[in-house]
Amino acid sequence: MRVISGSARGSKLLCPDGLSVRPTHDRVKEAVFSMLGHEIVRANALDLFAGTGSLGIESLSRGASSCVFVDISPISLSVVKENLHKTHLTDKATLLKSDYISFLTHTDSCFDIIFLDPPYREGYLQTAISLIAKRHLLKSGGLLYCETDTELDFPIPENFSVVRNKKYGRARVLLLRELSL
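All values reported here derive from a predicted model rather than from experimental measurement. (Residues numbered from 1 in each chain as written. Predicted model: local features only at pLDDT ≥ 70, side-chain atom pairs only at ≥ 80, totals over all residues. Heavy atoms only, no water.)

S.K.: What am I meant to see in helix H5 (residues 124-135) here?
M.R.: Because each turn of an α-helix spans 3.6 residues, side chains separated by three or four positions end up pointing in the same direction. When the terminal C-alpha atoms of H5 are compared, their 16 Å separation across 12 residues agrees well with the 16 Å that a helix rising 1.5 Å per residue should span. Taken together, the buried positions of H5 are Leu 125, Ala 128, Ile 129, Leu 131, Ile 132 and Ala 133. The inward-facing, buried residues of H5 abut helix H4 (100-106), strand S4 (111-116), strand S5 (138-149) and strand S6 (160-168). Immediately beyond the C-terminal end of H5, within one or two residues, lies His 136, with a positive phi of roughly 55°. (Helix = DSSP H or I, 4+ residues; strand = E, 2+ residues; numbered from the N terminus. Expected span 1.5 Å × (residues − 1). Buried < 20%, exposed > 50% of the residue type's maximum accessible area, 1.4 Å probe, protein only. Contact = heavy atoms within 4.5 Å.)

S.K.: Help me out: how do you make sense of the packing of aromatic side chains in this one?
M.R.: The description of an aromatic ring pair rests on the distance of the ring centres and on the angle between the ring planes. On inspection of all chains with the given rule, the structure shows five aromatic pairs. Between the aromatic rings of Tyr 100 and Tyr 124, the centroid separation amounts to 5.2 Å while the plane-to-plane angle is 50°, which identifies the pairing as tilted. Of the two residues, Tyr 100 is situated in helix H4 and Tyr 124 in helix H5; the sequence distance between them amounts to 24 residues. Feature note: the residues Phe 33, Phe 115 and Tyr 145 constitute an aromatic cluster, connected by ring pairs. Its end group placed over the ring of Tyr 168, Lys 166 keeps NZ or CZ at 5.7 Å from the ring centre. (Phe/Tyr/Trp six-rings, centres within 6.5 Å; stacked < 30°, edge-to-face > 60°. Lys NZ or Arg CZ within 6 Å of the ring centre and 35° of its normal.)

S.K.: Is there a simple way to think about the nonpolar core in this case?
M.R.: Nonpolar side chains tend toward joint burial in soluble globular proteins. If you look at the biggest cluster of nonpolar residues, it comprises 28 residues, and the most contacted ones within it are Leu 36, Leu 60, Phe 69, Leu 84, Phe 115 and Tyr 145. Mapped by element, the contributors of at least two residues to this core are helix H1 (26-36), helix H2 (54-61), strand S2 (66-71), helix H3 (74-87), S4, S5 and strand S7 (171-178). A per-element tally of this core places H1 first, with four residues. Among all residues touching Leu 60, those that are not within four sequence positions of it are Ser 65, Ser 66, Cys 67, Phe 69, Leu 84, Leu 89, Lys 92 and Ala 93. The next biggest cluster of nonpolar side chains, apart from the first, holds 25 residues, and it includes Leu 46, Leu 48, Val 68 and Leu 176. (Core = buried A, V, L, I, M, F, W, Y, C linked by side-chain atoms within 4.5 Å.)

S.K.: When you look at unusual backbone geometry in this model, what are you seeing that I'm missing?
M.R.: Residues other than glycine predominantly adopt negative phi, and peptide bonds predominantly adopt the trans conformation. Of note, the phi angle at Phe 49 is positive, near 60°, even though the residue is not glycine. Inspection of the secondary structure puts Phe 49 in the loop between strand S1 (44-48) and H2. Residue classification places Phe 49 among the buried residues on the basis of a relative accessible area of 16%. Of note, the phi angle at His 136 is positive, near 55°, even though the residue is not glycine.

S.K.: Can you help me understand the pairing of S2 in this one?
M.R.: Regular strands place side chains that alternate from one sheet face to the opposite one. The buried fraction of S2 amounts to five of the six residues, a majority that puts the element mostly inside the structure. By the bridge criterion, five bridges tie S1 to S2 in an arrangement that is parallel. The partner of Asn 44 across the bridge, within S2, is Ser 66. Handedness of the crossover joining S1 and S2 through H2 is recorded here as right-handed. The sheet contact formed by S2 and strand S3 (residues 93-97) spans five bridges and is parallel. Looking at the pairing, Asp 71 lines up with Lys 97 of S3. (Pairing = 2+ DSSP bridges. Right-handed = clockwise from strand over helix to strand, strands pointing away.)

S.K.: Which parts of the structure should I look at to understand the pattern of salt bridges?
M.R.: For side chains of opposite charge, pairing can occur when their charged atoms come near one another. Tallying each qualifying case throughout the model produces four salt bridges. Linking Arg 177 and Glu 39 is a salt bridge whose minimum nitrogen-to-oxygen distance equals 2.9 Å. Separated by 138 residues along the polypeptide, Arg 177 in strand S7 and Glu 39 in the loop between H1 and S1 bring together distant segments of the chain. What makes Arg 177 partly exposed here is its relative accessible area of 23%. For Lys 139, the salt bridge is made with Asp 112, and the minimal N-O distance between the two is 3.8 Å. In this pair, Lys 139 is assigned in strand S5 and Asp 112 in strand S4, connecting sequence segments 27 residues apart. One continuous salt-bridge network, built from bridges that share partners, spans Lys 29, Glu 58 and Arg 62. (Salt bridge = Lys/Arg side-chain N within 4 Å of Asp/Glu carboxyl O.)

Written out as structure tokens, the structure is:
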């Protein structure tokens, strides 16, 4: 696993053995960030269910202004911290130990891009999307990256449009855009 492009291009990222972390594959990450294109530049990002921090670090490397990394696991946050240090992107990052519901329920922040790559079969994705939509945590026109299992389906909130819905092996990637209110 590595950073694909930008200021930290080629940096290898840590991913501890034995954790229940399933990092986004380089091929998927490359395709997703091609879709995002210039929209990542100067964006305020959220990497919820951060795991190794791969998605948030890629966004920072490509020019995002800031990224908040949220995970409930202290081990995952330690790995994210090490990966940020390796890529020299620590100054643009905020790390928070929190479960996703508490974070989404209590944050006052609003983001340009939110990355959601939770454990596939736990039901977290639908709950997170509902909270994000209900609390308007994406700026108008903001993007929501969702990664899930190809077999799982869920309703898209009415204030979002599907920009991309693509399968990559076992993974399904949805890129949703918040519609202007």
